[in-house]
Amino acid sequence: MARDLLLSIRNVSKCFPGQDPERAVFRDVSLDLSAGTSIALTGESGSGKSTLLHLVGALDHFDSGEIEIDGTGLSKLNDTARAALRRCKVALVFQQFNLVPSLTVEQNMLLHARLGGSPDFEWITTLTRRLGLADLTTRYPEQLSGGQQQRVAIGRALALRPKLLLADEPTGNLDETASAAVMDLMLELVHESGAALFLVTHSVQIANRLDRRVHLSAGQVA
Amino acid sequence: MRRAALGALLSHWRRHPLQLMTLITGLALATGLWSAVQAINGEARAGYAQAAAQLGGTGFDVLLPSDGHISVSRYVMLRREGWLLAPVLEGRWHLQQGSVKLIGVDLLSHPELPAMPTSAVPPLDTLTSPGRIFLHPNTMDQLVEQPNLPPITLTENLPTGVVLSDISLAEQLLQQQGKISRLIILPDQPMGLKPLKVLAPELHRHSSDSPQAARLTDSFHLNLTAFGLLSFAVGLFIVHGSVGLGIEQRRGLFRTLRAMGVSLRLLTTLLLCELMLIALLAGSIGLVLGYLVAAALLPDVSATLIGLYGATVEGSLSLRASWLLSGVGMALFGTLVASAQAISNIYNMPLLVAPGVQARAGVARSSQLKMATIGCGLMVSGVAAVLLFDGLIAGFTLLAGIMLGAALILPLLLSGLLKIGSYTARSALAEWIWADMRAQLPGISLALMALLLALATNIGVGTMVSSFRLTFLGWMDQRLSAEIYVTAQSDQQAADLTKWLTKRGVTTLPIRWSEVPHQGSPLRIYGVVDHATYRDKWPVLQALPNAWDHVAAGSAAMINEQLARRQNLWPGDVLTLKPDWQMTVAGVYSDYGNPHEQVIVSLPVLLERMDNIPNRQFGLRLDPEDVPELMNNIRETFVSPSISVIDQAGIKARSLAVFDRTFVVTGALNLLTLGVAGFAILTSLLTLWNMRLPQLAPIWALGITRRKLAWLELLRSLALATLTTLLALPLGLILAWALLSIINVEAFGWKLPMYVFPMDWLRLLLLALLAAAVAAAIPARKLARIKPAELLKVFAHER
Amino acid sequence: MSVRSIVATVIICLPCFASAQGFAGLGSQADGFAIPEKGYGLNFPADHGPHPNFRIEWWYLTANLKDDDGHDYGVQWTLFRSAISPGEDTGWSSPQLWMGHAGLTTPKHQFYAERLARGGIGQAGVTAEPFAAWIDNWEMLGTDPTLNQLSLTASGSDFAYDLSMQAQGPLVLHGDAGYSVKSSGGQASYYYSQPRYDISGTLTLPDGAVIVNGQGWLDREWSSQPLADDQSGWDWFSLSFDSGEKLMGFILRGDSGDYSSGTWIAADGSSKPLLPGAFQAQPLTYSEVEGRTIPVQWQIKLPEHGVSATIQAINDQSWMGTSFPYWEGPVTISGSHTGHGYLEMTGYD
């Protein structure tokens, strides 16, 4: 089945300030992702996989090449347009959960969707139930376990119904049992929501469960 | 979207109500102290302006004689030349009970006189014999027993102690027929006049008929304003601290929001909105606070102004729109200034990477240098101001320059001191402590600067007041040398009393005085008899040899320090009292608690030169043991209730009470400022707390217990406070010196010797340590009880 | 209202023409003041000087002037004296109050100024020998005890004048040898005039100095009696006809009817009092002046001398905005007789 191209990375290079360009994080990286599909990015610590995810999330700037999301090239966007893109089309799940400590589970779940415009309450109720958070909605993040917190973070991201979900080691802070459960749930829900998934992980096991797998090494993808 | 983002931002305060309270308290305190001072000043100024306006003639130029009076014929001559002028005769009207200021105006030429209500009184009545006098109901007490009074109209529109009448009545009551004190130059003069300089070269044109009280009290209000600004500045340190804390703790939130697509511009705008909301709330609370403080202090201010300058200010406070606006405006402005740095940090905050602690330290060091350079500049310009210019403003410029300059130099100085301290470290832990203190400096230096300012002010003002008080006490011992002071009701009663006393072998020293107009204001001249009391005990600052012999011989006069400084007259110079009356200055004596100029001549000379000098006040010299008995005897023999007898101790107690009341306001503001500074340290340490965990966790991991770490926290805070106090000491002494030798001379006309009070410093050091300890106690307690998991988190993830 | 303006109002209201609210603080009309008596023979030069035992007195000059280009100007110079109580005292205690009014009218502009002064200190006063009347630097000075040769000066912030005057005929005594009745109730004053002065001199206006020539009329009047209670204002005419004849006529407006009187002065200077009611004046047109409606054109009639003429203000806005405000300005005469004169109107509120 031919799918629309959602993410296209073309010849992107990135070099940190003051870094020798010969030793850039990556050079001329190219990658495609169709709507509704998933891709896993693996690599050693410091190989630059998180950085590539940040570039795709319009959180960071690249030096050359182009990244297009849903037909929009990132290189020409100013801060406001990048913010709008993140607000409406892209959601992120981080290793450290990054919940808002002063908001309850329910408020956290709703936050990105409300920022994006119109929350789909039915979908969010479904998400809450499926993520097993229905009894925890009035709690604050500090009152949750790590696994619960990450489920809130995943729920918050998916509540937006993003076209692209970016996840950076989402289970990196969890023990093995919790990790497997959260990952199962996430993949299932991503699939249901129809979002494309760009997952950074160091675990080959997890990577193998996705549609495709790319390895980043010495600044090149393979 | 905006609502969702603002909601997320504000949810922080809901979860941290204490922090919100700190922010609001700091801002409310700053606004409150500032607006309290503004309210007091505004009330007083309005009081002066109203009093001046009621008497008419404000805003007009006046013609003053260089010495003595203007004659009516001179006035008529100028009118006949076409000049439109209004004559005013002003003088002291001696009553049975004390005296009042009597102002006589020509009703036909004087500008509008709101003080004279015409609705109730037949208008021509005031002009027709026996005339009519106008006065405030409070003044009436003094006139109750006065015989042969003209008809009286009471009006609220005159200050207490001032009586207004037509000039025809005034010249009779003052016994100054044909004399005029000043001429008001009216607007809309006719065309083609000869210049006044040609017509009347002996008269001097003064730019405005501003009331003397306003000029004298300016210094007092400038003083209060300086205090208000200082308190405001100290309060802003708190705001800076809590805004910094609120932003520091939400760094994660800001990143998350931005990752979810809230643009930087929107985030900054929302933060500003949030701050303005808080500023409005805190500003309103501050206004209420300011109103209460002002209402509490105003009676003392009013008493001070009456006691010191004779200026009447109502003891009640009224709300003014300008005051409300300026209070809220200051709150908004202050919040913006205090949070500018934090907001700009957010604006420049990278989306992804937490700023490295090392990088921040580097920035801090260079900014310390920059601040110290600016500080040196400020100090130099303050000193330059006082060297180049005279006057109160130059004095305050010096103070501001030195104080702010010193505050700006403080971080570099402390850093240097800590570095030197680190050389003494023998153990690894000690090395860490010294290094850590230096690393902590940038975060806490603002609070320490606030503490420095508050402490230095406290030392400076405290030294000034205590020196003044000590000097004042000594001076009273010299000046009030008679054992008993008596005021009789009439000259006749006084004569009887003198005879009666002489029979009992008691020496009576008459206290008699008269006033001559001198440079537009009355100059009081006392006549004294030649007596050992003056020769031995009078508080003379500088004198010719055998000064009192010259005075007794009638050729010389003693003048007070105020006159000497203002007119630059010193022993040997010639003083012109009236055109035909010149005197050599034999000596200068100190005369505290009196802003006016004063002269002492020998009594026979005074009686020869001046008429109608009442003779009702005496000082009595006798054996101190006989005082109670004689006082009783006088009271029994002269039954009249109006004869007033007071012994030396009584009069000293009264004077001291007036003195102490004068400095109640200063003391209160002083204490409040110190309290605010203590609060500033607390908020700074709370702010730092959050940033300190990553620095403490490794030390904990290396085997130092949390308890020990907590103690070290406390110790560090105390050490920094001690260092700051030590540095505040010289600054405070410089401040005291400036207040005593520059500000006092300009404001009051006297210079005071400086006394130091080391015990006070010790007390202040303890107070500062207490403040630092209390402030450090909360974070330290937190540290002692922190869960190891919290510390472990530091290693688990970057913040 | 300030004390000053009350005093000023009292001064000008006192003699006769007080408005209905009465004479604040003055009590009954006698109060120890002298009262005009019929049959008193005026005595000069003494009567050119002040009469401190009478309550009110004035020296009142009006002049119709022209410059070389034929432009019309009017000049007024008045010194009022008012006593709070009879008699004189020295210094500020003097009960005599003085008020000066100076006016200068052009067809387009009106200039005026006011001065107030206390008697007793020399700031204002009048002497008979030689004749001198002054307040501040405004002066009407004679060279001898008569009023024949006078110099006149006054200045305000935007105008000044300096004139010299030469009498061209005898003094005119109004009423019964100077005893002039002011109401049907019998209130009266002493009243004489010098209606015939040739005048020359300089006016100083904002645009510069102007040389002028013309005729003037001086009125002298003193009394102690207020007008009848119902009298609210007056219209006063001093008219010089080109025939050489002159007419002084006044109407005192009252609730119970107007009272009019006047004097006819023949070309040779001889005069004859008019019977009450003989002189008639009717307003023809009105003008808005300072928020009031004031007649600025009149029809006058004096049938016994064949006078039926229209009186027209040269400047409708000849308003004296002094403490006690009134209308006073030069007029032209047309009809049975032609000429010029001065008109004064009070009591239009």
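Residues numbered from 1 in each chain as written. Chains lettered and ligands numbered in written order. Predicted model: local features only at pLDDT ≥ 70, side-chain atom pairs only at ≥ 80, totals over all residues. Heavy atoms only, no water.

## Overview of the overall build of chain A
(1) Moving on: What chain A contains, in helices and strands, is 7 helices and 10 strands.
(2) Moving on: Within chain A, buried positions represent 54% of all 222 residues.
(3) Moving on: Sequence-distant contacts, at least 24 apart, represent 72% of the contacts inside chain A between residues at least 6 apart.
(4) Moving on: For chain A, the exposed area adds up to about 9,800 Å²; of that, 46% sits on carbon and sulfur atoms. (Helix = DSSP H or I, 4+ residues; strand = E, 2+ residues; numbered from the N terminus. Buried < 20%, exposed > 50% of the residue type's maximum accessible area, 1.4 Å probe, protein only. Contact = heavy atoms within 4.5 Å. Areas by Shrake-Rupley, 256 points an atom, 1.4 Å probe, with all protein chains shown as cover.)

## Considering the overall build of chain C
(1) Moving on: Scanning chain C from terminus to terminus reveals 1 helix and 23 strands.
(2) Moving on: Within chain C, buried positions represent 60% of all 349 residues.
(3) Moving on: Relative to all contacts within chain C whose residues are 6 or more apart in sequence, the contacts with residues 24 or more apart total 56%.
(4) Moving on: Taken as a whole, chain C presents about 12,400 Å² of accessible surface, with 50% of it coming from carbon and sulfur.

## A look at the sheet that holds strand E6 (residues 90-93) of chain A
Residues and elements named next belong to chain A.
(1) Moving on: Here we have 6 strands laid out as an open sheet, ordered E6-E7-E8-E3-E9-E10, and mixed in their pairing. Unpaired on one side and paired on the other, E6 and strand E10 (220-221) mark the two borders of the sheet.
(2) Moving on: The sheet contact formed by strand E9 (residues 212-217) and E10 spans 2 bridges and is antiparallel. In the sheet register, Leu216 faces E10, and the bridge partner there is Val221. (Pairing = 2+ DSSP bridges.)

## Notes on the pairing of strand E16 (residues 259-265) of chain C
Residue and element names in this part refer to chain C.
(1) Moving on: Taken across its 7 residues, E16 has 7 buried, putting it largely inside the fold.
(2) Moving on: Side chains Tyr259, Ser261, Thr263 and Ile265 of E16 all project onto a buried face; the interleaved residues Ser260, Gly262 and Trp264 project onto the opposite face, where all are buried too.
(3) Moving on: For strand E15 (residues 246-254) and E16, the ladder comprises 7 bridges, and the chain directions are antiparallel. By the bridge assignment for E16, Leu247 is matched with Trp264.
(4) Moving on: Hairpin geometry of E15 and E16 is characterised by an intervening segment of 4 residues between the two adjacent antiparallel strands and by a positive phi of about 105 degrees at Gly257.
(5) Moving on: Direction of pairing for E16 relative to strand E17 (residues 271-273): antiparallel, over a ladder of 3 bridges. Paired with Thr263 across the bridge in E17 is Pro273.
(6) Moving on: The antiparallel pairing of E16 with E17 creates a hairpin that spans 5 residues between the two strands, and Gly269 there sits at a positive phi of about 100 degrees.

## As for the sheet that holds strand E2 (residues 26-34) of chain A
Residues and elements named next belong to chain A.
(1) Moving on: An order of E2-E1-E4-E5 is seen for the 4 strands of this open sheet, with the pairing classed as antiparallel. The open sheet has two free edges, formed respectively by E2 and strand E5 (72-73), since each of these has just one partner strand.
(2) Moving on: Of the pairings in the sheet, the one linking strand E1 (residues 5-14) to E2 comprises 6 bridges and is antiparallel in character. Directly across from Val12, in E2, lies its bridge partner Val29.
(3) Moving on: On the sheet, helix H1 (residues 49-56) packs against E1, E2 and strand E4 (64-69) and is oriented at approximately 125 degrees with respect to E1. (Axes fitted to C-alpha atoms, helices over the stretch in contact; angles between N-to-C directions.)

## Comments concerning the pattern of salt bridges
(1) Moving on: Per the stated rule, a full pass over the model turns up 35 salt bridges over all chains.
(2) Moving on: Measuring nitrogen to oxygen at the nearest pair gives 2.6 Å for the salt bridge that ties Asp136 of chain C to Arg79 of chain B. One end of the pair, Asp136 of chain C, is in the loop between strand E6 (132-135) and strand E7 (138-142); the other, Arg79 of chain B, is in helix H3 (residues 72-80), on a second chain.
(3) Moving on: In this structure Asp136 of chain C comes out as buried when scored by relative accessible area, which is 0%.
(4) Moving on: Residue Arg79 of chain B is classed as buried on the basis of its relative accessible area of 3%. (Salt bridge = Lys/Arg side-chain N within 4 Å of Asp/Glu carboxyl O.)

## Let's talk about helix H4 (residues 121-130) of chain A
Residues and elements named next belong to chain A.
(1) Moving on: What H4 keeps buried is the set Trp123, Ile124, Leu127 and Thr128. For H4, the angular spread of the buried residues around the axis is 140 degrees, confining them to a single face. What points out from H4, more than 90 degrees from its buried face, is the exposed set Glu122, Thr125 and Arg129.
(2) Moving on: At the C-terminal side of H4, Gly132 shows a positive phi close to 70 degrees. (Arc of directions from axis to C-beta.)

## Description of the interface of chain B and chain A
(1) Moving on: Contacts between chain B and chain A engage 22 residues on the former and 25 residues on the latter.
(2) Moving on: Each partner contributes to the roughly 2,100 Å² buried at the junction of chain B and chain A, and carbon and sulfur atoms together form 62% of this total.
(3) Moving on: Our enumeration of links across chain B and chain A arrives at 2 salt bridges.
(4) Moving on: Note that Arg15 of chain B and Glu142 of chain A form a salt bridge whose closest N and O atoms lie 3.1 Å from each other.
(5) Moving on: Taken together, the connections running from chain B to chain A amount to 10 residue pairs in polar contact (both at pLDDT 80 or more).
(6) Moving on: Secondary-structure elements contributing two or more residues to the side of chain B that touches chain A are helix H1 (2-15), helix H8 (251-259) and helix H9 (264-309) of chain B.
(7) Moving on: The dominant element in the side of chain B that touches chain A, judged by the number of residues it contributes, is H1 of chain B, at 7 residues. (Buried area = accessible area lost by both parts, 1.4 Å probe. Polar contact = N/O pair within 3.5 Å; in protein donor to acceptor, adjacent residues only side chain to side chain.)

## Side note on the interface of chain C and chain B
(1) Moving on: Facing 30 residues of chain C, the contacting portion of chain B comprises 32 residues.
(2) Moving on: Buried surface at the junction of chain C and chain B, both sides included, amounts to about 2,700 Å², of which 65% is carbon and sulfur.
(3) Moving on: Put simply, chain C and chain B have 4 salt bridges between them.
(4) Moving on: Notably, a salt bridge pairs Arg118 of chain C with Asp166 of chain B, separated by 2.6 Å at the nearest N-O pair.
(5) Moving on: Contributing elements (two or more residues each) for the side of chain C that touches chain B: helix H1 (3-13) and strand E4 (110-118) of chain C.
(6) Moving on: Per-element accounting of the side of chain C that touches chain B gives the leading share, 5 residues, to H1 of chain C.
(7) Moving on: Considering only residue class, the side of chain C that touches chain B consists of 15 nonpolar, 9 polar and 6 charged. (Nonpolar A, V, L, I, M, F, W, Y, C, P; charged D, E, K, R; others polar.)

## What to know about the packing of aromatic side chains
Describing an aromatic ring pair means giving the distance of the ring centres and the angle of the ring planes.
All names here are of chain C.
(1) Moving on: Per the counting criterion, the structure on display carries 20 aromatic pairs over all chains.
(2) Moving on: Geometrically, the ring pair formed by Tyr60 and Phe80 is edge-to-face, given 6.2 Å between the ring centres and 85 degrees between the ring planes. Of this pair, Tyr60 sits in strand E1 (residues 56-67) while Phe80 sits in strand E2 (residues 72-83), and the two are 20 residues apart along the sequence.
(3) Moving on: Look at Tyr60 and you get buried, because its relative accessible area is 7%.
(4) Moving on: Judged by its relative accessible area of 3%, Phe80 is buried.
(5) Moving on: Through a chain of ring-to-ring contacts, the aromatic side chains of Tyr40, Phe44, Phe54, Tyr190, Tyr192 and Trp222 assemble into a single cluster. (Phe/Tyr/Trp six-rings, centres within 6.5 Å; stacked < 30°, edge-to-face > 60°.)

## Points about H8 of chain B
Owing to its 3.6 residues per turn, the α-helix brings residues three or four apart onto one side.
All names here are of chain B.
(1) Moving on: Of all 9 residues making up H8, 8 are buried, and the element is well covered by its neighbours.
(2) Moving on: Residues Arg251, Leu253, Phe254, Arg255, Thr256, Leu257, Arg258 and Ala259 constitute the buried set of H8.
(3) Moving on: Positive phi shows up at Gly261, right after H8, with a value of about 100 degrees.

## Looking at unusual backbone geometry
(1) Moving on: Residue Phe44 of chain C is joined to Pro45 of chain C through a cis peptide bond whose omega torsion reads 10 degrees.
(2) Moving on: Structurally, Pro45 of chain C is set in the loop between H1 and E1.
(3) Moving on: Residue Pro130 of chain C is bonded to the preceding Glu129 of chain C through a cis peptide linkage, with omega at -10 degrees.
(4) Moving on: Relative to the elements of secondary structure, Pro130 of chain C occurs in the loop between strand E5 (124-127) and E6.
(5) Moving on: A positive phi is found at Asn11 of chain A, a non-glycine position, where the angle reads about 50 degrees.
(6) Moving on: With respect to the element layout, Asn11 of chain A can be found in strand E1.
(7) Moving on: Phi at Asp136 of chain C is positive, roughly 50 degrees, even though this residue is not glycine.

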